[in-house]
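Descriptive structure summary
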Amino acid sequence: MFNYLFDGSGALSGPVEFPVTPGIGIQLPANAVELTYELPEPEAGRSWALINGVPREVIDRRGVVYRKDGGAQQIWSELGELPDTLTAQPWPGEFHVWRDNAWVLDEQARLSSVRQQCLDKRDALLRDAVLRIAPLQYAEDIGDANHDEQLLLIEWKLYSVELNRIEQQVGFPVEISWPVVPGTTVNT
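Within an unreviewed UniProt entry, the label attached to the protein reads Tail fiber assembly protein, and the organism entered is Pseudomonas serboccidentalis.

Given below as structure tokens:
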């Protein structure tokens, strides 16, 4: 006789040997079954399960799976095929969507995100430029700006205009030539 244990999903493991209790014999735990034959090794991706008291080889997708509606990872603990909402194919990452039974990169969503990140960076740089321009402009407005301040004011204004035009660059949003911040040196 061959003894097998079964888990909560019904999957069989074994054969296992249980100790003989003197005077009683072998006592099977509640999660064990005794078969008159040894089960062969299941095929890859399959397990033996006890179905209606009969061992059957079934598909085994237990383990880490991914939601097709966003790639969220979860643990699947049931035997059999996965529901249509799940896949065993690992989610490659952000901007990948489930289409035609595979994860595919949604290039439009990726570019939209890259574009938004560039615009957010531009806006932050423009806010900084406004803070730099304001006191120089005040000095100019009241006739108190010296020659260096006047030149710096023009540089900051040109920098702001260049920042504001990044969307007009040929490679935008993938390739951007960011303008040099006034007063910094460029390493070549």
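That covers the picture; the talk isn't over yet.
Some remarks on the sheet that holds strand β9 (residues 73–76)
The strands that make up a sheet pair up through hydrogen bonds in the backbone, lying either parallel or antiparallel. Spatial strand order, β9-β8-β10: 3 strands in an open sheet with antiparallel pairing. Because the sheet does not close on itself, it has two edges, and the strands there are β9 and β10 (86–87).

What about unusual backbone geometry?
Cis geometry marks the peptide bond from G14 to P15; its omega dihedral reads 10°. For P15, the location among the structural elements is in strand β2 (residues 12–16). Following F172, the chain continues into P173 via a peptide bond in cis, with omega recorded as 0°. Its place among the elements puts P173 in the segment after α2 (147–164).

Section: the environment of G45
With respect to the helices and strands, the residue G45 is situated in the loop between β5 (32–35) and β6 (46–51). A relative accessible area of 37% means that G45 is categorised as partly exposed. When the C-alpha positions of G45 and V130 are compared, they lie 62 Å apart, and in sequence the two are 85 residues distant. Residue contacts for G45: discarding those within four places in its chain leaves V58, I59 and D60.

Notes on the sheet that holds β2
Here 3 strands make up an open sheet; going across it, the order is β2-β1-β5 and the pairing antiparallel. Each end of this open sheet is capped by a strand with a single partner; those strands are β2 and β5. The sheet shows a mean angle of 30° between the axes of neighbouring strands, direction not considered.

Regarding the pattern of salt bridges
The final tally for this structure, using the stated rule, is 10 salt bridges. Between D7 and R62 there is a salt bridge, and its shortest N-O distance comes to 2.8 Å. Of this pair, D7 sits in the loop between β1 (2–6) and β2 while R62 is found in the loop between β7 (54–59) and β8 (63–67), placing the two residues 55 residues apart along the sequence. Note on R62: relative accessible area 32%, which makes it partly exposed.

So, α2
A rise of 1.5 Å per residue sets the reference length of α2, with its 18 residues, at 26 Å; its end C-alpha atoms lie 26 Å apart and thus fit the reference within 8%. Inspection of α2 places L153, W156, Y159, S160 and L163 among the buried residues, and these make up the whole buried set. Mapping the buried residues of α2 onto a view down its axis gives an arc of 125°, with all of them on the same face. Its side-chain oxygen placed 3.1 Å from the backbone nitrogen of D148, N146 serves as the N-cap of α2.

Some details on the nonpolar core
Listed in full, the 8 residues of the largest apolar core are L126, A129, I133, L136, L153, W156, Y159 and L163. When contributions to this core are tallied by element, the ones reaching two or more residues are α1 (107–141) and α2. Apart from residues lying up to four places away in sequence, W156 is in contact with D128, A129, R132, I133, L136, V181 and P182. Counting residues in hydrophobic clusters, the runner-up holds 6 residues, among them V33, L35, L39 and W48.

Cut-off values and rules
Per-chain numbering applies: the sequence of each chain, read as written, is numbered from 1 onward. Thresholds applied to this predicted model are a pLDDT of at least 70 for local features of residues and 80 or more for the giving and counting of side-chain atom pairs; totals over whole chains, interfaces and linings are not thresholded and use all residues. In computing side-chain values, all of the structure's heavy atoms are included and hydrogens and water are not. Following DSSP output, two strands are said to pair if at least two bridges run between them. Counting from the N terminus, the helices are DSSP H or I runs at least four residues long and the strands are E runs at least two residues long. Exposed residues in this analysis have more than 50% of their type's maximum accessible area, buried residues have under 20%, and partly exposed residues fall in between, with area computed by a 1.4 Å probe over protein chains only. Residue contacts follow a heavy-atom distance rule, with two residues in contact if any of their heavy atoms lie within 4.5 Å. Fitted lines through C-alpha atoms serve as axes, helices being fitted only where they are in contact, and the angles separating the N-to-C directions of these axes extend from 0 to 180 degrees. The salt bridge definition used is simple: a Lys or Arg side-chain nitrogen within 4 Å of an Asp or Glu carboxyl oxygen. What a helix is expected to span follows from its residue count: subtract one and scale by 1.5 Å. The arc refers to the directions leading from the helix axis to the C-beta atoms. Under this definition, polar contacts are N or O atom pairs within 3.5 Å; protein pairs additionally need one hydrogen-donor-capable and one acceptor-capable atom, and for neighbouring residues in sequence, both atoms have to be side-chain atoms. Only buried Ala, Val, Leu, Ile, Met, Phe, Trp, Tyr and Cys residues count toward a nonpolar core, and they belong to the same one when joined by side-chain atoms within 4.5 Å.

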